[in-house]
Amino acid sequence: MNKNIHIGNRQVLLNYSQSYPKNRETLLASPAFLKFVTYFIGQQKESSPEMYDYLRQQGKYSVAESAKKVVHFLRELAVFQLDEIESPYLENIDLMLDIIEKAYHEWRSLQRFGYMTSDNAPDFGINTLVYKDSHLNDLILRTYRLFEEKLKGRPNLVYRQVQAGTNACFSVHHQEKPFAEGYEALAKIPVIDTVMLRTPMILHPKSSKRTGMFTETDVNPMTYLNMDPEEWFCFPMKVGSLLCYVYFNAKYTASALSLANLFEIATKEETTGKPDLVVIFGNEDGKNATEFYHDTDNNIWVGCISDHPRIEYFGYLKKMSLTLHNLAMMEKGWLPIHGAFVNITLKDGRKKGIMLMGDSGAGKSESIEALKAAGKDKIKDIEVVFDDMGTIHLENGVPCGQGTEIGAFVRLDDLDPGTAYRDMDRSIFMGPENKNARMVSPAAPYRVVVHNHPIDLFCYANNYTDKLGMNELSVEEAKETCKMGKRMALGTTQEVGISTTYFANPFGPMQKQELCEPIIDEVFTALKENGTYLGEIYTHLGFDKENRDGINDAAAQLLSFITEE
């Protein structure tokens, strides 16, 4: 992207490599600043006609002309005192002060991102990126305060060190050649190698719920790509042990950078080869589709999500990546698990691996949270392996669990009061004003996620019956229960009431049941033969998610299992 600034979709993208303001003078004289002022004046036509008329001097100037006049006035204001300036914009100082305040608020209400290239820079590092971005943050804050104090005629008495610059920034490099035949169009897209997030980061996506299904197509999305390489980036990441390249339309930069809190970013060295998975996010094909394709010639799973306002919901990007992962792992004979897996270490040193399975809203994460509270006097540590998607595979006949993500994408309503605040300094919040508000927070180091972990208990999270506690099942009963994938939907997707999803996993197993079925038989038999507890845990969340009595009872029995000799 060769533009120095791009404003659109309630987002600003700044290209530090094209234009970077070293001081206030260059900031106010920059094309980027002029473009923002032009954008701001245009916005006032509907939101504040009085400001719009004042800035345009009652229609004397066009929006473009008035933007230049305003920028000239602000450049004077940065240097001279008020009594040294002759400008019609000083005829109503109180209104001009309101305009400065509103422009600053408008700027900060946008999702703001900066980026720069790391190509041909052997000494480039995080200090280069962080220094530039932090300097810009300080420069914008000091410039705003200068204007405010000059117009008020006195210094401020309270100073708030807010994020006045960007919400996040990143650096990119360019690949030299395509990673496989047929993917030449992607070779021109810059690849992200470093990300800096200013947390807590609060985003306001237009959508807060995922709808529709991921469906298989027999046409490689590479044949109907509609992208301008100047408007796209690549986020390379590890999904479990697999390498995934996420190519995203720049208008969805907020969602793409949020991946840095959820998946391990791949290094420059790791991005020189062919990926296992490719995600195209925001393809302007007019299809409003979420499709995947298996390129058997290159052994690459390709997912494509059409450009549409609904895909601002982060779940589309996350779940497509996990769907491709699950499909690839089933090809290897690994079983994808939609659930949560933690290693519990008691204060006496004993350890147990607890895996809970279930679809969205079943109560997996809530059960772990309730277990933490119930075992606060007995549990020394809880190590998260995965909080949404993982796998079980056999290592010399022994079932082992692995994860896919280094973070957790959780509903705020599912957390105990205070949990979100405890982790907020490292988290990304999405639509906190919405019913399905979410947060993305780091959960586990990558080395833990891809390690082989033994499984002592495997339970299906049942939120739809009135039974209490836990119940052990035979292999056949456990397989039948899990394959039915029954749950009471809680509004996290478009579903309502009792629903069933094959193996409680609409992200791979449901689409490829014939591939998943024999793996289920093999893994569940091995779990029982290796002494793993197979059963159900009753969460009751389908009846009343506010009533925690049922889940607390289940947590108490789960704790008894963990602590028994």
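Conventions adopted
- Residues numbered from 1 in each chain as written.
- Predicted model: local features only at pLDDT ≥ 70, side-chain atom pairs only at ≥ 80, totals over all residues.
- Heavy atoms only, no water.
- Pairing = 2+ DSSP bridges.
- Helix = DSSP H or I, 4+ residues; strand = E, 2+ residues; numbered from the N terminus.
- Axes fitted to C-alpha atoms, helices over the stretch in contact; angles between N-to-C directions.
- Phe/Tyr/Trp six-rings, centres within 6.5 Å; stacked < 30°, edge-to-face > 60°.
- Buried < 20%, exposed > 50% of the residue type's maximum accessible area, 1.4 Å probe, protein only.
- Lys NZ or Arg CZ within 6 Å of the ring centre and 35° of its normal.

Caption draft 1: Up close: the sheet that holds strand β20 (residues 428–430). Ordered by their spatial adjacency, 4 strands build an open sheet running β6-β20-β21-β19, and the pairing between neighbours is mixed. Each of the sheet's edge strands pairs with one partner strand only, and the pair in question is β6 (201–203) and β19 (407–411). Neighbouring strand axes in the sheet, compared pairwise and without regard to direction, differ in orientation by 20 degrees on average.

Caption draft 2: A look at unusual backbone geometry. Geometrically, the link from T199 to P200 is a cis peptide bond, its omega value of 0 degrees lying close to zero. Take P200: it is sitting in the loop between β5 (191–197) and β6. Phi is positive for N9, which is not a glycine, with a value near 60 degrees. Within the fold, N9 resides in the loop between β1 (5–8) and β2 (11–15). Despite not being glycine, A504 has its phi angle at roughly 50 degrees, a positive value.

Caption draft 3: Structural detail: the packing of aromatic side chains. Within this structure, the stated rule accounts for 25 aromatic pairs. On the basis of an interplanar angle of 50 degrees and a centroid distance of 6.3 Å, the ring pair of F214 and F507 is categorised as tilted. Of this pair, F214 sits in the loop between β6 and β7 (215–216) while F507 sits in the loop between β26 (497–500) and α13 (513–529), and the two are 293 residues apart along the sequence. A relative accessible area of 5% means that F214 is categorised as buried. A relative accessible area of 0% means that F507 is categorised as buried. Ring centres of F458 and F524 lie 5.4 Å apart, and the angle between their planes is 75 degrees; this geometry places the pair in the edge-to-face category. Linking F458 in strand β23 (residues 457–462) with F524 in helix α13, this pair joins segments that are 66 residues apart in sequence. We note that F458, like F524, is buried. Put simply, the rings of F36, Y39, F40 and W107 pair up and form one aromatic cluster. When the ring centre of F409 is taken as reference, the NZ or CZ atom of R438 above it lies at 4.8 Å.

Nothing here speaks to function; it is geometry throughout.
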